[in-house]
Amino acid sequence: MTFLKVSDLEVEFCVDKKKITPIEQVSFEMKKGEVLGMVGETGSGKSLTAHAIMGLSSLVGGKIRGRVQFGDKDLLSLSEREMQSIRGSQIAFIPQNPMTSLDPVYRVGDQIVEGLYKHRKISKRAAKLKALEIMEKLQIPKANHVFQQYPHQLSGGLKQRIVIAIGLCTSPQLLIADEPTTALDVTVQAQIMRLFLKMTKDKGIGLLLITHDLGVIAQVSDKIAVMYAGNIVEFGPIKTVFNTPHHPYTKALLNCIPTIGMKKGTLDAIYGNVPTVGNYPPGCRYQPRCPDRFAPCGTIVPKMTKLAEDTRVACHKYNGSKD
Amino acid sequence: MIENNVREHKPPWVVVLKKLSKNKLGLMGTALILCLIFIAITAPFLEPYSYKEQHIEIMNEPPSLSHFMGTDDFGRDVLSRVIRGARISFVVGVLSVGISVFIGVIVGAIAGFYGGVVDLALTTIADLTWAMPAILIALLLVAIIGTGLESVVVAIGLSYWAQYARLIRGQILSLKSAVFIEATKSLGASDMVILFKHLIPNSIGPVIVAATIGIGNAIVLEATLGFLGMGAQPPTPSWGAMMSNGTAYLFISPWVILFPGLAMMLTVLGFNLFGDALIDLLDVKNKESN
Amino acid sequence: MEKFLEINDLSVSFGVRGGLFLRKIGTIKAVNNACFSIDKGEIVGVVGESGCGKSTLARLILRLVEPDDGSVSFNGTDLLKMSKKEMRWQRRHMQMVFQDPYSAMDPLYTIYRSLCEPFQIQRIKLTKGEQRKKVDALLELVGLNSDHGFAYPHELSGGQKQRADIARALALNPQFVILDEPTAALDVSVQAQIIKLLEELRERLNLTFLFISHDLSLVSYFCDRVIVMYLGRIVENISADLIGKTPYHPYTKALIESIFKTDPGEKKLVAPLEGEVPSPFNLPSGCVFAARCNDAQKLCREKLPVLENTGNGGQVACHFPLIPLADPIG
């Protein structure tokens, strides 16, 4: 049975009577318990994809089309009420900015318990015990004390752990995390990412991790989806994509990242900018920046081509050749 | 490596005009103000009769074809006096607000920029002026420097500056730690350059809005002082003074009080509508559509 | 030979006020006894987590924040002894590029006008034509063209804005430029463009850079030498070539191990450090890192370690460095 299968997801807005589609033809699938890293630069549409999957049309602000199959249901055809019950209990979301996603006027403990309360019919006491258990697993020191505190009394790392605890407490099957550690210092990021991964693996939770940080993805995910200007351009197992990237964008992106011990002057850059929504070039959206472009790139939109089991790329270079 | 694409770029005034064209109330306000300015400038040519010549024989005549707004108790043409009054109101409004904005911006900017004791002293003075009713200050000042249009202008100017000072102080407090201010400082700019070329221009927007609405207030205050007999001296027609004279004949010739009142209402409405529209217009940084 | 830039015992602390009547309730020592020097043409990086004082350090060197103590000598003259006016003219030799390109330019100024400003402020008399030529040359230098001059900051992309900011910093032909996280707000592909541009500019204009960043990989790639800061103190000063191999300070090592490497082969998710950077409020007397250090001993909590030469061209402030220091005599 499929766990999560997204096919031809598309979001359409109307701006000044002009139709624009910030994300188009987004298709991918996840197996149960898998970690899928979704990477892209600003404006690639990765956060929007997450919101669209969750059916958060108020956050998306446009029409969502396509199919999001989760288990045996198509999420996009559900009513808002059905979706709400799924959102809390089976799919959880960790938003981009943990610093502002906690409500400043409620104690953090109450915010964790709230989710449990809503979706699992358990007593207040049981809910608190469950919350404390999760907090301890997330290595929150003095969990009992933190439970009674307000968000502003906590450090950035602690707040982030609380947000993760809220996401995990209802034991969802799928967790969507949007840049969960971007706002944190490197040493804290290393701690939290490790804990986060351990918890999801232990509980068999599928994790869709959205980030711009290729390093985090390399260390954490099983598969990777590379997004560029609203399209997925490459999809595949983490080792394949990092060791033998196919799409020129993936290749270039990997060469943009400086590493310790890298020789000076060997850093590569990508010419130009990510096109802004509504100003996409014709044909392949990466084509104006691509060093390998040839005749069809400027006119025909490349389709996802299957290269191997689980490995797909949207580039004319691989069209037709079936190896 | 070179990024050659420049995003479509429009000069700020184009953006402002485009936004204004979409704002109906703002357009109405603009039209009213433009009318007032036109009337104020061309008053001597627009007046059908002299504003001061008295004709006892046509005293308190109701509106007719020869006198659209009727005549007052001295037989003067009300229309001509309303037109000439527009000039007085406009001049008083603009000059007095000019004075308050000038004082307010300097005091507020210095208080916000230097902080500490300077700030405390200036803010206290501003708060004290702010706490006194404007009309009381104006009355006091008129009593000291004497009646007449000039003293009315100075009086109104001195009673309204505190609100502009507070506005600009708040703006400067929040702007003074902005990165571009630090950047200018690191180029070796003096305090004056930072204050006058960056901080004040960037914080003047709300002051302009308040000043526009303030012109309306100043016109009303002038009328009030005129009504109390302290503004322009006869036979100079100020709307307030005209209305004051008209009260005696309210039931015999209501047009004497009605038309200056209407003119004032439209003027104040015009400045208020335009001021409201400005709040939106001056925010050039936010693109007109996203 | 005198050093290009030499910083000695530079310190600053900020009073924190709170409670009723805004009494002084404590002090934050933002930068504490910073000592280092930069040679002409060198790129020195300063790295550390939030609150380590790296940005304050930059502002102290440029006297955008007045230090409490210490000296900054630039080409042999002490900047801190200069009068306010002398300092203003001195600024043309030392410039800064700021972290957030979105707010580093006056939003009411076109890029052209912002680029003219350095000349006006430093009272460099130019005719209209000369000014135009200078600005166009500057724009070209950073990979923009004269069309960008007509734009307002909000009309440019983040990368273009950062180029314009670099152009402004270079307008007065400075010898020394401080780069305060110039790429932190940008995407990796644009970051790489800016880094390449800076590499190129340094070659062409013979510049000296102080590069401030929280990204150790970037710093170790771009810089010749790396200064690691923790809670207002310099804990290590090490050559960029050695940092990946032989760091002396446990904190440097922890920073390196915290980086998520883009190599999926080596999955290593051990957190090298527990806890978070403590509040810089009223620090204890010992080593600032002792509370999080895995190797901390009694001595570390009691006595503050001072910077000592490693014998490798670097310095470290640790009682128990990871590699024993070379014998000071040998």
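Residues take numbers from 1 onward in each chain, read along the sequence in its written order. All chains are assigned letters beginning with A, and all ligands numbers beginning with 1, in the order in which they are written. A pLDDT threshold of at least 70 governs which residues receive local features in this predicted model, and a stricter bar of 80 or more applies before side-chain atom pairs are shown or counted, although totals over entire chains, interfaces and linings include all residues.

Draft legend 1. Molecular detail of the overall build of chain A. Comment: elements are numbered from the N terminus, with helices defined as DSSP H or I runs of at least four residues and strands as E runs of at least two. In terms of helices and strands, chain A carries 12 helices and 12 strands. Overall size of chain A, expressed as C-alpha extent along the three principal axes, is 65 × 50 × 40 Å. Going through the 323 residues of chain A one by one, you find that 46% of them count as buried. By the convention adopted here, residues make contact when the C-beta atoms placed from their backbones lie within 7 Å. Taking the intrachain contacts of chain A between residues at least 6 apart in sequence as the baseline, contacts between residues at least 24 apart amount to 63%. Neighbour counting defines burial: a residue surrounded by 20 or more other C-beta atoms within 10 Å of its own C-beta is buried, one with 12 or fewer is exposed, and intermediate counts give partly exposed, using backbone-placed C-beta atoms.

Draft legend 2. Molecular detail of the overall build of chain B. In terms of helices and strands, chain B carries 10 helices and 0 strands. For chain B, the N- to C-terminal ordering of α and β elements is α-α-α-α-α-α-α-α-α-α. At a minimum sequence separation of 6, the contacts of chain B that also span at least 24 residues come to 69%.

Draft legend 3. Main features of the sheet that holds strand S11 (residues 308–309) of chain C. Residues and elements named next belong to chain C. Pairing between strands is defined by DSSP: at least two bridges between them are needed. In space, the 8 strands of this open sheet follow the order S6-S7-S8-S3-S9-S10-S12-S11, with mixed pairing throughout. Taken across any chain shown, the strands that pair with only one partner, and hence form the sheet edges, are strand S6 (94–97) and S11. Pairing of strand S3 (residues 43–47) with strand S9 (residues 225–230), which is carried by 4 bridges, proceeds in the parallel orientation. Paired with Val 44 across the bridge in S9 is Arg 225.

Draft legend 4. A look at the nonpolar core. Working definition: the nonpolar core is a set of buried Ala, Val, Leu, Ile, Met, Phe, Trp, Tyr and Cys residues, joined through C-beta atoms within 7 Å. Counting 264 residues, the largest nonpolar core has Ala 165, Ile 176, Leu 208 and Leu 209 of chain A, Tyr 164 of chain B together with Phe 211 of chain C as the members making the most contacts within it. Apart from the residues lying within four places of it in its own chain, the contact partners of Phe 211 of chain C are Ile 43, Val 44, Gly 45, Leu 179, Val 219, Phe 222 and Cys 223 of chain C.

Draft legend 5. Quick look at the interface of chain C and chain A. With 39 residues of chain C at the interface, the matching set in chain A holds 38 residues. At the level of secondary structure, the elements contributing two or more residues to the side of chain C that touches chain A comprise helix H7 (188–205), helix H8 (216–222) and helix H10 (250–258) of chain C. Put simply, Ala, Val, Leu, Ile, Met, Phe, Trp, Tyr, Cys and Pro go in the nonpolar bin, Asp, Glu, Lys and Arg in the charged bin, and everything else, Gly too, in the polar bin. Residue classes in the side of chain C that touches chain A are distributed as 19 nonpolar, 11 polar and 9 charged.

Draft legend 6. Local environment of the pairing of S6 of chain C. All names here are of chain C. Burial of the side chains of S6 extends over both faces: Met 94 and Met 96 are buried on one face and Gln 95 and Val 97 on the other. One ladder, built from 4 bridges, connects S6 with strand S7 (residues 176–180); its direction is parallel. Counterpart to Val 97 in the pairing with S7 is Leu 179.

Draft legend 7. Geometry of the pairing of strand S10 (residues 231–237) of chain A. Residues and elements named next belong to chain A. Taking burial as the measure, the 7 residues of S10 include 6 buried ones, the bulk of the element. Looking at chain direction, strand S9 (residues 223–228) and S10 are connected through 6 bridges and run antiparallel. Bridging across to S10, Met 227 finds its partner in Ile 232. Connecting S9 to the next strand, S10, in antiparallel fashion are 2 residues, including Ala 229 with a positive phi near 45 degrees. Direction of pairing for S10 relative to strand S12 (residues 311–313): antiparallel, over a ladder of 2 bridges. The partner of Phe 235 across the bridge, within S12, is Arg 312.

Draft legend 8. Region of the structure containing the interface of chain B and chain C. Taken residue by residue, the interface counts 23 residues in chain B and 35 residues in chain C. The set of elements that each furnish at least two residues to the side of chain B that touches chain C consists of helix H7 (179–186) and helix H8 (191–227) of chain B. The element best represented in the side of chain B that touches chain C is H7 of chain B, accounting for 6 residues. Considered class by class, the residues forming the side of chain B that touches chain C number 11 nonpolar, 7 polar and 5 charged.

Draft legend 9. Quick look at the sheet that holds strand S8 (residues 206–211) of chain A. All names here are of chain A. If you trace the 8 strands from one edge of the open sheet to the other, you get S6-S7-S8-S3-S9-S10-S12-S11, paired in mixed fashion. In the strand order of this sheet, the two ends are held by strand S6 (91–94) and strand S11 (305–308), each with one partner. The mean angle between the axes of side-by-side strands here comes to 20 degrees, regardless of whether they run parallel or antiparallel. In this analysis an axis means a line fitted to C-alpha atoms, helices contributing only their contacting stretch, and an angle means the value between N-to-C directions, from 0 to 180 degrees. Contacts from helix H8 (residues 156–168) reach S6 and strand S7 (174–178), with the element oriented near 170 degrees to S6.

Draft legend 10. Representation of unusual backbone geometry. All names here are of chain A. Phi is positive for Gln 25, which is not a glycine, with a value near 50 degrees. With respect to the helices and strands, the residue Gln 25 is situated in strand S2 (residues 18–30). On the basis of neighbour count, Gln 25 is assigned to the partly exposed category, with 18 C-beta atoms found within 10 Å. One non-glycine residue, Lys 142, lies in the positive phi region at around 50 degrees. Among the secondary structure elements, Lys 142 is positioned in the loop between helix H6 (124–137) and helix H7 (143–147).

Draft legend 11. Region of interest: helix H9 (residues 239–246) of chain B. Residue and element names in this part refer to chain B. Along H9, 8 of the 8 residues are buried, which leaves the element largely enclosed by surrounding structure. Trp 239, Gly 240, Ala 241, Met 242, Met 243, Ser 244, Asn 245 and Gly 246 are the residues of H9 that are buried. Buried residues along H9 sit in contact with helix H3 (78–114), H8 and helix H10 (255–281).

Draft legend 12. Just the environment of Lys 223 of chain A, in detail. Residue and element names in this part refer to chain A. In this fold, Lys 223 is placed in strand S9. With 193 residues separating them along the chain, Lys 223 and Met 30 place their C-alpha atoms 8.7 Å apart. When neighbours within four sequence positions are excluded, Lys 223 is seen to be in contact with Glu 34, Leu 36, Gly 236, Pro 237 and Ile 238.

Draft legend 13. Seen up close, the confidence of the model for chain B. Residue and element names in this part refer to chain B. Per-residue confidence for chain B gives a mean pLDDT of 82; residues scoring 70 or more make up 94%. Values of pLDDT, the confidence the predictor places in each residue, fall between 0 and 100. Ranking the elements of chain B by mean pLDDT puts helix H1 (residues 12–22) last, at 78, and H7 first, at 92. Within the model, pLDDT remains below 50 along residues 286–290, and this stretch shows 5 contacts once partners closer than five positions in the same chain are excluded. Here the complex is predicted with pTM 0.85, and the ipTM for its interfaces comes to 0.85.

Draft legend 14. The environment of Gly 48 of chain C, seen in detail. Residue and element names in this part refer to chain C. The topology assignment puts Gly 48 in the loop between S3 and helix H1 (54–61). Using a count of 28 C-beta atoms within 10 Å as the deciding quantity, one classes Gly 48 as buried. Every residue in contact with Gly 48, bar those within four places of it in the chain, is listed here: Lys 54, His 214, Val 228, Met 229 and Tyr 230.

Draft legend 15. Examining the packing of helix H4 (residues 116–131) of chain B against helix H6 (residues 149–175) of chain B more closely. Residues and elements named next belong to chain B. Relative to each other, H4 and H6 sit at 135 degrees, their axes nearing to 8 Å. In terms of axis orientation, H4 runs oblique to H6. Remark: the crossing between H4 and H6 carries left-handed chirality. For the pair H4 and H6, the contacting residues are Ala 126, Thr 129 and Trp 130 in the first and Ala 162, Gln 163, Ala 165 and Arg 166 in the second. Within the contact of H4 with H6, the residues separate by chemical class into 4 nonpolar, 2 polar and 1 charged. Each angle is binned into one of four classes, with values under 35 degrees roughly parallel, values over 145 roughly antiparallel, values of 65 to 115 roughly perpendicular, and all other values oblique. Each crossing gets its hand from how the near helix is turned against the far one by less than a right angle, where anticlockwise is left-handed and clockwise is right-handed.

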